[in-house]
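What the coordinates show
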Amino acid sequence: MSAVIDDHGHADHAHGPAKGLMRWVLTTNHKDIGTLYLWFAFSMFLLGGSFAMVIRAELFQPGLQIVQPEFFNQMTTMHGLVMVFGAVMPAFVGLANWMIPLMVGAPDMALPRMNNFSFWLLPAAFIMLVSTLFTPGGGPNFGWTFYAPLSTTYAPESVTFFIFAIHLMGISSIMGAINVIATILNLRAPGMTLMKMPLFVWTWLITAFLLIAVMPVLAGCVTMMLMDIHFGTSFFSAAGGGDPVLFQHVFWFFGHPEVYIMILPAFGAVSSIIPTFSRKPLFGYTSMVYATASIAFLSFIVWAHHMFVVGIPLVGELFFMYATLLIAVPTGVKVFNWASTMWQGSLTFETPMLFAVAFVILFSIGGFSGLMLAIAPADFQYQDTYFVVAHFHYVLVPGAIFGIFASAYYWMPKWTGHMYDETLGKLHFWLSFIGMNMAFFPMHFVGLAGMPRRIPDYNLQFADFNMVSSIGAFMFGATQIFFLFIVIKTIRGGPPAPAKPWDGAEGLEWSIPSPAPYHTFTTPPEVK
Amino acid sequence: MMRHPHVWMGLLLWSIFSQAQAAWTVNMAPGATEISHAVFDLHMTIFWICVVIGIIVFGAMFWSMILHRRSTGQVAAKFHESTTVEILWTIVPFIILVAMAVPATATLIKMYDASEPDIDIQVTGYQWKWHYKYLGQDVEFFSNLATPADQIHNKEAKGEHYLLEVDKPLVLPIGAKVRFLVTSADVIHSWWVPAFAVKRDAIPGFVNEAWTRVEKPGIYRGQCAELCGKDHGFMPIVVEVKEKADYEKWLGERKAEAAQLKELTSKEWTLDELKERGDKVYHTACVACHQAEGQGLPPMFPALKGSKIATGPIKDHLSIVFHGKPGTAMAAFGKQLSEVDIAAVVTYERNAWGNNKGDMVTPKEVLELKQAESK
Amino acid sequence: MADSISMKKLVTRLLLVVVAMFVFGFALVPIYDVMCKAFGINGKTAGQYEGEQTVDASRQVRVQFLSTNSADMSWDFYPKHDELTANPGAVNEMIFIAHNPTDKPMSAQAVPSIAPSAAAAYFHKTECFCFTQQVLQPGQRIEMPVRFIVDRDMPKEVKHLTLSYTLFDITARHPPVAVNTGG
């Protein structure tokens with residue numbers, strides 16, 4: 001099982017990883033960095049999840065039992081920030097690090113040292129962010145969307161640390177994105193034309209462009225906040241001639257593409273997984289690429305649909321409503337393509353496929369509620385209620401998170417060299433599936449019945465569904481510790497994985513042994 | 001009994017359904033205005049369109065998941081492209097979207113037409129309460145959460161309108177077009193009454209418009225919808241919609257109150273003015289017991305002329321008029337007389353019939369006492 | 001590798017995009033201002049009046065005045081009258097009264113806003129106390145005029161508009177110059 005492959009005599013290159021802790025601190029190897037990203041993301045997933053458990057525990061019953069409103073607001077804020085910037089985004093960067101070089105036949109990422117740096121910024125950022133919870137004034141309590149002036153004039157002292165943490169995360173993401181673009185554009189194996197690239201590579205390429213387009217805008221946004229707070233400017237303060245609504249425009253100019261940043265790579269992964277287990281090529285590859293690109297383009301002109309009740313003029317409302325409705329077209333194309341890929345295939349349901357199919361169905365449900373939210377007059381009723389919470393958890397949990405789980409199971413044999421335990425994997429899927437639906441489906445109901453989001457206590461009419469939600473959330477949360485167990489078990493042993501463990505799989509990553517050797521494709525493979 | 005199973009079935013369903021009404025509400029309510037009904041219809045239309053699309057797409061997926069499994073011996077087909085199909089499922093959804101956008105646009109245009117209102121109300125968000133001002137009417141007040149802290153902290157049973165009750169609701173007449181001018185004094189709030197389908201952000205420094213016309217009298221409840229800090233979950237909105245006459249009566253009372261308040265706070269009362277007014281008040285409210293010359297009818301009704309109370313510390317005097325004396329015929333006039341009248345009558349008693357104290361209670365002091373008591 | 005030059009170029013270009021987008025984030029501020037002025041977003045009032053100076057006697061517009069104090073502002077602040085009727089094209093005036101009841105000098109900034117927003121682009125202030133900061137000495141009371149013209153081009157449907165001012169305490173940021181009363 002020794003992973004010796006020919007390294008073609010780079011004298012200055014070690015043949016394997018360095019020993020000890022310094023391997024991880026100083027590594028420039030894309031697989032090591034991918035692993036670091038994935039572990040970091042998973043630990044943040046558990047941390048952000050534990051914040052969610054606090055929220056759900058408080059909402060288990062009406063009345064204030066466990067935490068006070070101040071702390072509750074910090075929990076909702078931190079849950080959002082940690083999940084978005086700490087769990088989902090780094091997980092996708094981890095997958096990109098591991099898989100993109102393997103998929104395009106590159107020896108490593110294009111900028112390995114920068115790769116190391118962009119990872120290590122993240123723990124620094126999150127230690128800074130999470131430590132604010134222990135400061136006397138408490139951590140950020142203004143929601144992950146941090147609307148001014150609640151996040152400026154009325155913010156706790158810790159907001160400055162929050163701003164610096166966002167800056168670090170932003171720099172990390174931007175460097176990661178540049179690396180991905182450089183790798184994909186410059187390091188593809190001969191013959192790997194753009195239109196031959198696996199969709200995961202395509203979606204990541206588009207995601208990376210979104211990242212470099214909008215993360216700087218977020219950086220600008222928090223910089224303006226910083227200046228308002230400390231240097232006497234008035235970008236967002238009405239008193240000095242600024243405008244709190246401007247904040248929302250700038251934030252959502254970043255925020256809406258950000259939503260797609262969190263879902264496009266999952267689209268790509270699922271577009272590899274469904275054909276594999278359907279034993280049939282992906283239906284409509286070209287249209288998938290164009291659909292992804294149009295979603296990315298449209299994401300820049302729909303931001304104000306988050307602001308329908310802010311009081312933008314009628315013409316603005318109509319424009320943003322129509323533009324938002326348009327997104328349903330390319331998204332629909334994708335879903336139809338996945339369904340057609342399965343049609344008349346030869347289907348099996350290993351864990352990655354279960355997660356992928358659940359992804360398609362549940363993400364579509366999130367898409368439907370998205371369509372409803374796009375209707376501006378109806379949004380007057382949905383905005384800022386639990387209906388919205390249900391909507392974005394349906395696109396992010398079975399969307400982004402299930403996409404990541406599907407990818408993890410799909411490529412775990414390649415990473416570890418062992419097959420995971422299929423029974424345990426399926427158990428993980430079904431518990432997650434049930435827990436997730438129990439937690440988030442009732443949120444549609446309480447939202448429609450009139451429960452606003454971000455409240456620690458509620459009227460009795462919402463009590464029953466909230467209890468169901470909480471039980472589902474606890475179930476979903478506990479299940480993820482079980483996932484940790486499955487992963488550790490797979491790393492430590494299990495049936496050895498062949499180079500290509502899935503008979504229907506396509507792609508360069510399956511042409512190398514499992515586990516993937518420390519150095520791969522030092523001579524570029526030939527792609528027909 | 002089993003001869004009518006459908007009856008029992010019906011009863012069972014009915015009981016489940018009526019239960020569902022209580023706590024398991026799953027849908028938006030149609031609301032109480034033309035706009036809210038329009039929004040509800042839009043919501044349901046789009047919901048059913050989604051359901052139909054869902055059934056088709058998920059149906060196809062489940063079809064292949066059941067019939068096209070490898071275990072059924074299925075051999076995978078090879079097709080992976082069809083331009084016709086791709087074009088079809090780009091165009092058909094587009095047409096459906098246009099069909100959705102048309103009624104949505106119409107409703108939105110109606111929602112934005114706040115012109116020619118009958119009543120203008122300024123709604124101002126504060127951390128964490130709402131302030132309502134009836135423009136041109138000199139009526140304004142704060143509306144605070146009325147749920148006792150003990151209910152929130154689980155020390156007593158929660159009421160039906162837990163967290164959705166206020167001390168002073170906004171009152172509107174039926175049938176009138178009401179324009180809300182929504183703004184904020186601190187952070188961003190959002191004024192939301194689901195039954196009216198009105199939700200507008202209250203933004204500091206800016207004024208936003210919304211409107212409603214409610215057709216049915218009733219009490220409508222809503223909440224702040226934008227995170228505004230610690231007690232975001234504790235600043236409900238209650239709107240009481242009354243018949244026109246009841247509304248006018250209510251408004252009249254509020255105006256009188258406001259006028260009175262203005263009188264209290266704006267006017268500087270002199271001792272003579274208070275004495276003069278107190279004379280009148282005394283001779284309507286007090287004279288029956290304490291008699292015209294303050295001599296009283298001892299022992300039942302003590303004299304005020306030269307009495308310890310009327311010549312003693314002014315505070316005690318005010319207190320006894322305000323609170324009454326339990327176990328005696330002395331009533332608590334704090335609830336019965338206006339601040340001006342109480343101040344006047346106390347001042348009068350201390351400066352009549354040879355009680356020449358020369359001091360006075362101002363209406364403001366009475367108001368302060370009243371406010372201190374009500375806390 | 002032949003790629004290394006193009007790699008440098010590529011990374012440089014991507015970094016330029018990043019810098020450009022960062023700058024764009026800030027550029028959104030003036031862009032937004034221009035959009036607001038053009039479309040009356042958020043009730044920002046229009047600039048100089050450039051229309052005809054003649055009065056349109058054929059129609060009248062109700063102009064309502066609102067005053068709101070920011071939550072920490074202790075001044076009395078209100079318009080002399082709740083509303084007036086204006087003819088488009090004519091110059092109108094309303095007096096707002098401000099009173100500093102505290103024992104400290106304070107500075108304040110009034111921020112105007114117009115509803116409905118469709119009318120904001122047609123509302124021109126020729127003189128306004130909101131153009132500058134106001135400083136009031138302890139106990140001082142002043143009358144502050146606002147003069148405005150309603151555009152002749154304002155859509156006919158708009159018959160009713162509201163001019164709202166929010167008064168902010170900016171003493172901390174712009175300390176008033178203490179007046180030496182000679183005592």
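Residues numbered from 1 in each chain as written. Chains lettered and ligands numbered in written order. Predicted model: local features only at pLDDT ≥ 70, side-chain atom pairs only at ≥ 80, totals over all residues. Heavy atoms only, no water.

Identification of chain C as Cytochrome c oxidase assembly protein CtaG from Pseudomonas reinekei is taken from an unreviewed UniProt entry. Taken verbatim from the UniProt record of chain C, the Sequence similarities (unreviewed entry) comment is "Belongs to the COX11/CtaG family." (UniProt positions renumbered as here; feature names shortened; annotations may be inferred.)

Per an unreviewed UniProt entry, the recorded name for chain A is Cytochrome c oxidase subunit 1, and the organism is Pseudomonas reinekei. Note on chain A: under the UniProt heading Catalytic activity (unreviewed entry), the record states "4 Fe(II)-[cytochrome c] + O2 + 8 H(+)(in) = 4 Fe(III)-[cytochrome c] + 2 H2O + 4 H(+)(out)". Its UniProt record gives chain A the following Pathway (unreviewed entry) comment, quoted word for word: "Energy metabolism; oxidative phosphorylation."

In this assembly, 89 residues from chain B lie in contact with 97 residues from chain A. Taken together, both faces of the contact between chain B and chain A bury some 7,900 Å²; the carbon and sulfur share is 70%. The tally of links between chain B and chain A comes to one salt bridge. Between aspartate 503 of chain A and arginine 70 of chain B there is a salt bridge, and its shortest N-O distance comes to 3.3 Å. One can count 27 residue pairs in polar contact (both at pLDDT 80 or more) joining chain B with chain A. (Contact = heavy atoms within 4.5 Å. Buried area = accessible area lost by both parts, 1.4 Å probe. Salt bridge = Lys/Arg side-chain N within 4 Å of Asp/Glu carboxyl O. Polar contact = N/O pair within 3.5 Å; in protein donor to acceptor, adjacent residues only side chain to side chain.)

Time to look at unusual backbone geometry. For the bond from glutamine 127 of chain B to tryptophan 128 of chain B, the omega torsion is 0 degrees, close enough to zero to count as cis. Along the chain, tryptophan 128 of chain B turns up in the loop between β1 (119-126) and β2 (129-134). The omega angle of the peptide bond from alanine 115 of chain C to proline 116 of chain C is -5 degrees, so this bond is cis rather than trans. By the secondary structure assignment, proline 116 of chain C is in the loop between β5 (106-115) and α2 (117-120). Despite not being glycine, arginine 279 of chain A has its phi angle at roughly 55 degrees, a positive value. Looking at the secondary structure, you find arginine 279 of chain A in the loop between α8 (264-278) and α9 (285-298). The phi angle at glutamate 116 of chain B is positive, at roughly 50 degrees, despite the residue not being glycine. (Helix = DSSP H or I, 4+ residues; strand = E, 2+ residues; numbered from the N terminus.)

Residues and elements named next belong to chain C. Under the criterion given, the structure shown has one disulfide over all chains. The side chain of cysteine 128 participates in a disulfide bridge whose partner is cysteine 130; the two sulfur atoms lie 2.2 Å from each other. With the S-S bond torsion at 130 degrees, the cross-link from cysteine 128 to cysteine 130 turns out right-handed. Like cysteine 130, cysteine 128 is buried. (Disulfide = S-S within 2.5 Å. Buried < 20%, exposed > 50% of the residue type's maximum accessible area, 1.4 Å probe, protein only.)

Below, the discussion takes up the sheet that holds strand β4 (residues 91-99) of chain C. Residues and elements named next belong to chain C. The four strands lie next to each other as β2-β4-β8-β6, forming an open sheet whose pairing is antiparallel. Of all strands in the sheet, those with a lone pairing partner are β2 (76-79) and β6 (123-127), marking the two edges. This sheet shows a mean twist of 30 degrees between the axes of neighbouring strands, independent of strand direction. As paired strands, β4 and strand β8 (residues 141-150) are joined by nine bridges and run antiparallel to one another. Bridging from a neighbouring strand, phenylalanine 96 pairs with methionine 144 of β8. (Pairing = 2+ DSSP bridges. Axes fitted to C-alpha atoms, helices over the stretch in contact; angles between N-to-C directions.)

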